[in-house]
Each structure stands twice: as C-alpha cells, then as structure tokens.
Amino acid sequence: MKGDHGAGEGGTQCTVLWTEGQGEKEKGQAGGPRAGQRPHALWRLLDCSGDMVGLDTYVRERPFALQLVVWFLRGVSRVILANNPLSGALILAALLWASPWQGLLGAVGVLASMLTAVLVGQDGAEVTAGLHGYNGMLVSLLMGVFSSAGDWYWWLLLPTCLGAAACTFLYSSLSPVLDRWDLPVAVFPFNIVIVLYLLVTRPDNPYFPHYPSLPVGALQANATELNTAQLLQGIFLGVGQIFACDSLGPSLLILGATLLYSPLQALHGVLGSAAGTLAGLSVAVRHGSLYSGLSGSTGPWAACVWGAFFFTFSWRSHLFAIATAFLCSYVDIAFSNLLGTIGLPACSWAATLVVTLMLLLTGRGLATYRIPIGQVRSPEHNLSSRSQWKAGNTLDPDSTVV
C-alpha cells in the first residue's frame, strides 16, 4: 500500500514480514485431502468459508453475468466485513425474508454502485472484491427504512440508484487520501450520502417523505422494569440492525452468514452488540432502542474491525475490540441525541470516526498485529499466517524491531 501505515515504522516492518510470501508457504503446507482421496465433508465446508478465493479463479473464464453475480454477493457480504459470496447470498435471503421491499432496495443499491464502478473504469480488483457495493447497499436500505411513503413506492428507486452511484465516486475520491495512512474508506460514503439525502428532502417532502429521527435518550419515560428476554433478543438483533433489519429470524440468519465466513468475526459481532447494549443500559436509553437492537448496532462493526479483521487475533486485540465497541456505542448515543434534535439519524458516524482514529494508534504492542489494508483476509487466515511466521522466526513479535 502507498504511504505510512499509521502504526509506526517498526510495527509496519514486523507486520509485512509475516504477511508477505505466505501464499507459497501455505500452498506447500495445505492440510487438504491428499491426491486420490475423496474430500471429506469438513473440507467441503472449509472451501465455502473464508474468502473463497478459488471461486474467483473458477469464474474468471466464465460469462460476465456469472462474474457479476459473484461480485454482487461479495458486495452484500462486505457490509458485515465479510468477503464471501455464500455469506452474501444468505444475507440477501435474510433481507428478503424480513422485507421483500427492503431486500429489493438493497440489491438495487449494490448493483447501481457496482455498475457505476465498472462504467467509469474503477480498479478491477476493487470491483471483483465487492468494495464498490456495500456503501450503495447501506444507502438504499436506510432510504427504505426512513421513507414514510410505505413499501413498494417505486419512485424511491430513483434516489436509491443516484445515492448508490454517488457512493462509488466518493469511495474513489476518499481512497487515495486515506491510503496514505493505510486506512480503509469504510462507510464514509454511506454516511455522507444518506445525511445529504435526508437534509435535502426533509420529512414533509411531497415526493420523498421520510420519518424524522428521534434522540435515543429522550421523550418518553422508561418502564420501571426491564424485560430480560427482550434484552437478550436485542443483542442478536443488534447484528441484524447493521442491515436495518429488526426481525429475530433474519438477524440470526445474518449472524449465521457471518459465522460461515469466520467464527471469530461472528463471535466479535455478538460481543460488540452486547457491549453496545450494556452501554445503552448504563446511560438509560429508551428501552425500545435496547429491545430493537439499535443500541447494539454500532458495537459489532467496531469489535470486528479490531478483534478479527485489521488485526490478527490476540488477547490485546480482543480487549481493544471490546473497549472500542463500548467507546463507539457511547459516541453513537451522543451523536444520536445531538443529531436527533434536528431529525437526523446518527447512521454509522460514531463507528466510522472512532475506528478510523483508533486505527491510527502507534503503540508497539498493537502495531505488531496490524495488517496492511491490501493484505487483509479472513480472520482465521490472518491468524494462521501469523502462526506460520512465528514458527519460522525466532523474533518475538512483542520485542523491539530494529
């Protein structure tokens, strides 16, 4: 990647040591079935988990329509920091289960953003990896959630397509700037586009009316007792709320899609949602926000970034993942109360800003676990790569790199 990695010179050197050249080593040490043996069911399952890089090789010489489907499904899964077409298919099925209209809007958003990237000639690797799809999907889903015109209001497809296309241009503009510090574009385009859309249309717009957002800690008084079952349910709904889904069954299916991609990521998603729920309890947000999962919707993304995605899994990254989830949740509550006074939602501003700042930390104990943006793979792959590096290198990763 270009520019500084924001983790200190020593940390960057140490990180690159264990990530470079791992492909050839892993090919020689692969633990798959031997030649002539029939693959076990476990190996078949493992082929469907992680990043499924073999699928890209398979579809490379196939018709463009099939390639487009794979890119599309990767874009869907990218919302939850996964990169797996099967996970994307499960997530799309969950959205269609919860609301066919919302599922359609999400699909249109991914396609509009991705096709815009293809038409304007964006980097092919970014398109095939689904990086020009997830922001468009989030914009489309939020437009549908906040629309007060009801389901199947076909005129909403117009701002949906325009907003998703705008995300592609914003992604392209922000990427070279953030690359200098080895930072992801994340969901900055989504946050910018959806706030601009809501400010332009306003709640009483005759063509695109929408519901105003309310502060999470105001208006009606809370009940004197908590419903424990609903509170626990809200933890799992927090994972679904990443996709603006407030139904338990579809939320569990989304969690299952994350589990298929990476058990570590699914674990951190649930822990992040639990941290967000506890943060909401500690400052007495509305019980409805706790029960619907809104209070825990920021934590999963923050926890996954730190605990399993941009850092290899370790006790340090795990503790920082939980701490970051709490911090993001409190900042999200503050943003919700602030922006709610003018009828705007906090969106994902809290997670985006806090995680971006946290990725700039230069502590040596964390820098050695940092993975450059261009080399990020599934958490289990990253952990395996680091284990192989440690096995062949006598240098302690916690020692000073000269």
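Rules of the game
Residues numbered from 1 in each chain as written. Predicted model: local features only at pLDDT ≥ 70, side-chain atom pairs only at ≥ 80, totals over all residues. Heavy atoms only, no water. Helix = DSSP H or I, 4+ residues; strand = E, 2+ residues; numbered from the N terminus. Buried < 20%, exposed > 50% of the residue type's maximum accessible area, 1.4 Å probe, protein only. Contact = heavy atoms within 4.5 Å. Areas by Shrake-Rupley, 256 points an atom, 1.4 Å probe, with all protein chains shown as cover. Core = buried A, V, L, I, M, F, W, Y, C linked by side-chain atoms within 4.5 Å. Salt bridge = Lys/Arg side-chain N within 4 Å of Asp/Glu carboxyl O. pLDDT = per-residue confidence, 0-100. Phe/Tyr/Trp six-rings, centres within 6.5 Å; stacked < 30°, edge-to-face > 60°. Lys NZ or Arg CZ within 6 Å of the ring centre and 35° of its normal. Patch = residues over 30% accessible without salt bridge, like charges linked within 9 Å, V, L, I, M, F, W, Y side chains within 5 Å. Axes fitted to C-alpha atoms, helices over the stretch in contact; angles between N-to-C directions. Parallel < 35°, antiparallel > 145°, perpendicular 65-115°, else oblique. Left-handed = near helix turned anticlockwise from the far one by under 90°. Expected span 1.5 Å × (residues − 1).

Q: Please set out the overall build of the protein chain residue by residue, giving values where relevant.
A: The helix and strand tally for the protein chain stands at 20 helices and zero strands. Across the 402 residues that make up the protein chain, the buried fraction comes to 53%. Taking the intrachain contacts of the protein chain between residues at least 6 apart in sequence as the baseline, contacts between residues at least 24 apart amount to 75%. Only carbon and sulfur atoms are counted for the fraction: they give 65% of the accessible area of the protein chain, which is about 17800 Å².

Q: So what's going on with the nonpolar core? Residues and values would help.
A: Phe72, Met137, Phe190, Ile194, Phe243, Val305 and Phe310 are the most contacted members of the largest nonpolar core, which totals 82 residues. Counting residues per element, this core draws most heavily on helix α9 (residues 134-146), which supplies eight residues. Setting aside chain neighbours within four positions, we find Val305 in contact with Leu81, Phe310, Phe311, Val355 and Leu359. One finds Val216, Leu290, Tyr291 and Ile333 within the second-largest nonpolar core, a separate group that totals six residues.

Q: Lay out the pattern of salt bridges with the relevant residues and their values.
A: A side chain of one charge can pair with a side chain of the opposite charge when the charged atoms of the two come close. Inspection of the entire model under this criterion finds three salt bridges. One salt bridge connects Asp51 with Arg377, and the closest N-O pair in it is separated by 3.2 Å. Within this pair, whereas Asp51 is found in the loop between α3 (41-47) and α4 (53-59), its partner Arg377 is found in the loop between α19 (364-367) and α20 (379-391), the two being separated by 326 residues in sequence. When its relative accessible area of 27% is taken as the criterion, Arg377 is described as partly exposed. For the salt bridge of Asp56 with Arg74, the shortest nitrogen-to-oxygen distance reads 3.3 Å.

Q: Account for the confidence of the model for the protein chain, with residues named and values stated.
A: Of all residues in the protein chain, 82% have pLDDT values of 70 or greater, and the mean over the chain is 83. Long-range and interchain partners of residues 393-402, a stretch whose pLDDT sits below 50, account for 16 contacts in this model, where long-range means more than four residues apart.

Q: Which residues make up the packing of aromatic side chains, and what are the values?
A: One pass over the full model with this rule turns up eight aromatic pairs. Look at Phe309 and Phe310: their rings are 4.9 Å apart centre to centre, the planes differ by 80°, and that puts the pair in the edge-to-face class. Residue class for Phe309 comes out buried when judged on its relative accessible area of 6%. Phe310 sits in the buried class, given a relative accessible area of 7%. The residue whose ring lies beneath Arg62 is Tyr58, and the NZ or CZ to ring-centre distance is 4.1 Å.

Q: Tell me about a nonpolar patch on the surface, residues and numbers included.
A: Among the surface-exposed residues, Val177, Trp181, Leu357 and Leu360 lie close enough to one another that they form a single nonpolar patch of about 370 Å² accessible area. Note on placement: Val177 falls in helix α10 (residues 157-179). We classify Val177 as partly exposed; its relative accessible area is 43%.

Q: Describe the packing of helix α16 (residues 299-309) against helix α17 (residues 315-340), with residues and values.
A: Packing of α16 against α17 brings their axes to within 8 Å, and their N-to-C directions diverge by 155°. Here α16 lies roughly antiparallel to α17, going by the angle between them. Note that α16 runs across α17; the crossing there is right-handed. On α17, the residues touching Gly299, Ala302, Ala303, Trp306 and Gly307 of α16 are Ser317, Phe320, Ala321, Thr324, Ala325, Cys328 and Ser329.

Q: Go over unusual backbone geometry with me, naming the residues and quoting the values.
A: Residue Met52 is not a glycine yet carries a positive backbone phi of 50°. Relative to the assigned elements, Met52 resides in the loop between α3 and α4. Residue Met52 is classed as buried on the basis of its relative accessible area of 15%.

Q: Account for the environment of Ala229, with residues named and values stated.
A: Residue placement: Ala229 occurs in helix α12 (residues 228-240). Overall, the relative accessible area of 55% leaves Ala229 in the exposed class. For the pair formed by Ala229 and Tyr291, sequence separation is 62 residues and the distance between their alpha carbons is 9.0 Å.

Q: Give me the lowdown on α17, citing residues and values where you can.
A: The end-to-end C-alpha distance of α17 is 37 Å, a good match for the 38 Å that 26 residues give at a rise of 1.5 Å each. Among the residues making up α17, those that are buried are Ser317, Ala321, Thr324, Ala325, Cys328, Ser329, Asp332, Ile333, Ser336 and Gly340. On its buried face, α17 sits against α14 (263-282), α16, α18 (349-358) and α19.

Q: Which residues make up the packing of α16 against α18, and what are the values?
A: It is the contact of α16 with α18, at a shortest axis distance of 10 Å, that shows an interaxial angle of 20°. Judged by the inter-axis angle, α16 sits roughly parallel to α18. Between α16 and α18 lies a crossing of right-handed hand. Counted together, Trp301, Ala302, Val305 and Trp306 of α16 and Ala351, Thr352, Val355 and Met358 of α18 form the full contact between these two elements.

Q: Which residues make up the environment of Gly144, and what values do they have?
A: Position of Gly144 relative to the elements: it lies in helix α9. Gly144 sits 38 residues away from Gly106 along the chain, and the two C-alpha atoms are 8.9 Å apart. Apart from residues lying up to four places away in sequence, Gly144 is in contact with Gln102, Leu105 and Leu156.

Q: Give a description of the environment of Gly106 that names residues and reports values.
A: Along the chain, the position of Gly106 falls in helix α7 (residues 100-119). According to the relative accessible area criterion, Gly106 is buried, its value standing at 0%. Each C-alpha atom of the pair Gly106 and Leu95 lies 8.3 Å from the other, and the pair is 11 residues apart in sequence.

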